[in-house]
Amino acid sequence: MGNEVEVVVIGAGQAGLSTAWALARQGFAPESEFVVLDADDAPGGAWQHRWPSLTVGTTHRVHDLPGLPFEPDADELRAADAVPAYFAEYERRFGLPVHRPVRVRAVRRTDDDRFRVETDAGQWTTRAVVNATGTWSRPFVPRYPGQERFRGRQLHTVDYRSADEFAGQHVVVVGGGASATQLLGEISTVTGTTWVTRRPPVWREGPFDEDAGRRAVALVEQAVREGRRPGSVVGVTGLLTSTPYVREALDRGVLERLPMFDRITEDGVAWADGSFVPADVILWATGFRAAVAHLAPLRLRGPGGGIRMDGTHVAGEPRIHLVGYGPSASTIGANRAGQSAARQLRRLLRGPRELPRSA
Ligand code: FAD
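Please read all numbers here as calculations on a predicted model, not as lab measurements.

## Some thoughts on the site of the ligand
Piece 1. Contacts to the ligand come from 29 residues, most closely from Asp38, Asp40, His60, Val104 and Thr331.
Piece 2. Between the ligand and Asp40 there is a distance of 2.7 Å, counted from an oxygen atom to a side-chain nitrogen or oxygen.
Piece 3. In this structure, Arg50 approaches the ligand through a side-chain N or O atom, which is 3.0 Å from an oxygen atom.
Piece 4. Within the complex, 88% of the 1000 Å² of free accessible area of the ligand lies under protein.

Below is the structure:
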């Protein structure tokens, strides 16, 4: 039967590419022993879809993939151009076996205890799966009473392109993360805005605080070990970086937040105490969920609503790894998790005797 491999990697973003690089280093042969299946038309993972004003300089930082430094020519370059160009070069340079566009529809167990990966372009049978599908395809919008009656426009950050399209309209931005603050800074230069968050923001001055980052990752790690849904790192700490860009918005007074509203009316948002803000647009900067619906036939979700993890693999199932999930949902975390998953899979599928000499 065709399309039989040892490992299928699903997704070719930072998580999938770092895993693929590491699998090759561990001695798995590209194409005949492992493949990468990616739903997008072109290299770049979610970065190719980011809004045009997100530049290399305004990202938190895109860490190098293993083996090739990310050296964009300028901070002003669009992240949606610079990162996909880097990923394309990375795939070429290391001969990574990426098949696209291939969308995985379902992963099932076979009768002989392997996995069948069903896609819109055929199927693969494999001994192990590394899922690296990120979150971009699963934007999360919370539900509020009256939401369906709102006559204005509602959009999530995944749909945002440019502030100019909101000129002359009042925009309510919902969400306490970095995307919300960046888009508020931008939109408030062309029109009126209101910022609404569940918790007051906690501003962190100066460069990235490694200790705070580690503490946040540890909290997310604990959540997935216990089978709870993973939150984002900002979500668990509430910490927001006070970059020069954010400080400028703070100085202009556009980052004065209001607590979460209680309901949405036909033409605005309302609080239980009777206050009301008229709105033409509600922009939901409310984050994402893990894009793992295609794993549903494997019944991995536990009573906590999440998938119980043991390091990078599903607890009790060392042949299924989730990279870029929970504590590894960052460019640096995905790098580390991808390499760890590849090492574990080599030990599991090959045994110690087949260790490549250089490993
Ligand atoms: P993605 O880049 O989303 O890649 C997933 C891939 O899987 C995609 O190519 C997709 O086509 C594919 N896929 C999905 N479903 C399927 C399927 N069913 N079948 C086949 N393929 C599928 N992190 C940082 O560390 N630094 C930053 O500066 C940073 N900035 C960010 C800015 C924004 C606006 C957002 C939303 C996130 C940011 N992050 C940042 C977090 C960032 O998303 C991750 O760090 C990282 O890029 C995610 O990589 P990934 O490989 O897990 O996912």
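## Quick word on the sheet that holds strand β7 (residues 153-156)
Piece 1. Within the open sheet, the five strands sit side by side as β7-β16-β8-β9-β12. Their pairing is parallel. The two strands at the open ends of the sheet, each matched to only one other strand, are β7 and β12 (257-259). Adjacent strand axes in the sheet meet at a mean angle of 25° when their direction is disregarded.
Piece 2. Relative to β12, strand β9 (residues 193-197) is paired through three bridges, and the arrangement is parallel. Bridge pairing in β12 places Trp195 opposite Arg257.
Piece 3. Along the sheet, helix α3 (residues 178-187) makes contact with β8 (171-174), β9 and β16 (281-284), crossing β9 at roughly 170°.

## Some details on α3
Piece 1. The buried fraction of α3 amounts to eight of the 10 residues, a majority that puts the element mostly inside the structure.
Piece 2. Every buried residue of α3 is accounted for by Ala180, Thr181, Gln182, Leu183, Leu184, Gly185, Glu186 and Ile187.

## Digging into the environment of Val196
Piece 1. With respect to the helices and strands, the residue Val196 is situated in strand β9.
Piece 2. C-alpha separation for the pair Val196 and Gln182, spaced 14 residues apart in sequence, amounts to 14 Å.
Piece 3. Discounting residues that sit within four places of it in the chain, Val196 has contacts with Val172, Val173, Val174, Gly175, Leu258, Pro259, Met260, Phe261 and Trp271.

## Some words on unusual backbone geometry
Phi is mostly negative for residues that are not glycine, and the peptide bonds are mostly trans.
Piece 1. At the junction of Arg100 and Pro101, the peptide bond is cis and its omega measures out at -5° in the coordinates.
Piece 2. With respect to the helices and strands, Pro101 occurs in the loop between β3 (98-99) and β4 (104-109).
Piece 3. The backbone of Glu31 sits at a positive phi, close to 80°, despite the residue not being glycine.
Piece 4. Inspection of the secondary structure assignment puts Glu31 in the loop between α1 (14-25) and β2 (34-37).
Piece 5. When its relative accessible area of 41% is taken as the criterion, Glu31 is described as partly exposed.

## Here we look at the pattern of salt bridges
Piece 1. Counted by the stated rule, this structure contains 19 salt bridges.
Piece 2. The closest approach of N and O atoms between Arg116 and Glu118, which form a salt bridge, is 3.0 Å.
Piece 3. Assessed through its relative accessible area of 18%, Glu118 is described here as buried.
Piece 4. Between Glu165 and Arg153 there is a salt bridge, with the nearest N and O atoms lying 2.7 Å from each other. A residue pair is termed long-range when its members are at least 10 positions apart, and Glu165 in the loop between β7 and β8 and Arg153 in strand β7 qualify at 12 residues.
Piece 5. The exposure class assigned to Glu165 is partly exposed, which follows from its relative accessible area of 34%.
Piece 6. When salt bridges with common partners are traced through the structure, they connect Glu6, Glu33, Arg127 and Arg350 into a single cluster.

## Things to note about the nonpolar core
Piece 1. With 59 residues, the main nonpolar core has Val7, Leu17, Tyr160, Val173, Ile187 and Leu283 as its most contacted residues.
Piece 2. Taken domain by domain, the makeup of this core includes at least three residues from each of domain 1 (2-137 + 288-350) and domain 2 (147-205 + 242-284).
Piece 3. Each residue touching Val173, except ones within four places of it in the same chain, is listed here: Ala180, Leu184, Thr194, Trp195, Val196, Leu283 and Ala285.
Piece 4. With 24 residues, the next largest nonpolar core counts Val107, Ala290, Val292 and Leu298 among its residues.

Definitions and cut-offs
- What you see as residue numbers is a count from 1 along each chain, following the sequence as written.
- Local features in this predicted model are restricted to residues whose pLDDT is 70 or higher, and side-chain atom pairs enter the listing and the counts only when it is 80 or higher, whereas totals over whole chains, interfaces and linings include all residues.
- Only hydrogens and water are set aside; all other atoms, that is, all heavy atoms of the structure, feed into the side-chain values.
- Whether a residue is near a molecule or strand depends on its heavy atoms: if one lies within 4 Å, it is near.
- By the criterion applied in these results, polar contacts are pairs of N or O atoms within 3.5 Å in which, for protein atoms, one can donate a hydrogen and the other can accept it, and in which residues neighboring in sequence qualify only through two side-chain atoms.
- Per-residue and other accessible areas follow the Shrake-Rupley method at a 1.4 Å probe size, with only the shown protein chains counted as cover for residues.
- Paired strands, as defined in this entry, are two strands with at least two bridges between them according to DSSP.
- Secondary structure elements are defined from DSSP: runs of H or I of at least 4 residues count as helices, runs of E of at least 2 residues count as strands, and each element is numbered from the N terminus.
- Orientation is described by lines fitted to C-alpha atoms, with helices fitted over the stretch in contact, and by angles between N-to-C directions that extend from 0 to 180 degrees.
- Two residues qualify as a contact provided that any one of their heavy atoms is within 4.5 Å of a heavy atom in the partner residue.
- Remark: exposure states derive from per-residue accessible area (1.4 Å probe, protein chains only) relative to the maximum for the residue type, with buried under 20%, exposed over 50%, and partly exposed in between.
- Salt bridges, as used here, are contacts in which a Lys or Arg side-chain nitrogen is within 4 Å of a carboxyl oxygen on Asp or Glu.
- Grouping buried Ala, Val, Leu, Ile, Met, Phe, Trp, Tyr and Cys residues that are joined through side-chain atoms within 4.5 Å yields what is termed a nonpolar core.
- For the domain bounds, the source is a domain assignment made automatically or taken from a database.

Purely spatial values, then, with no claim about function.
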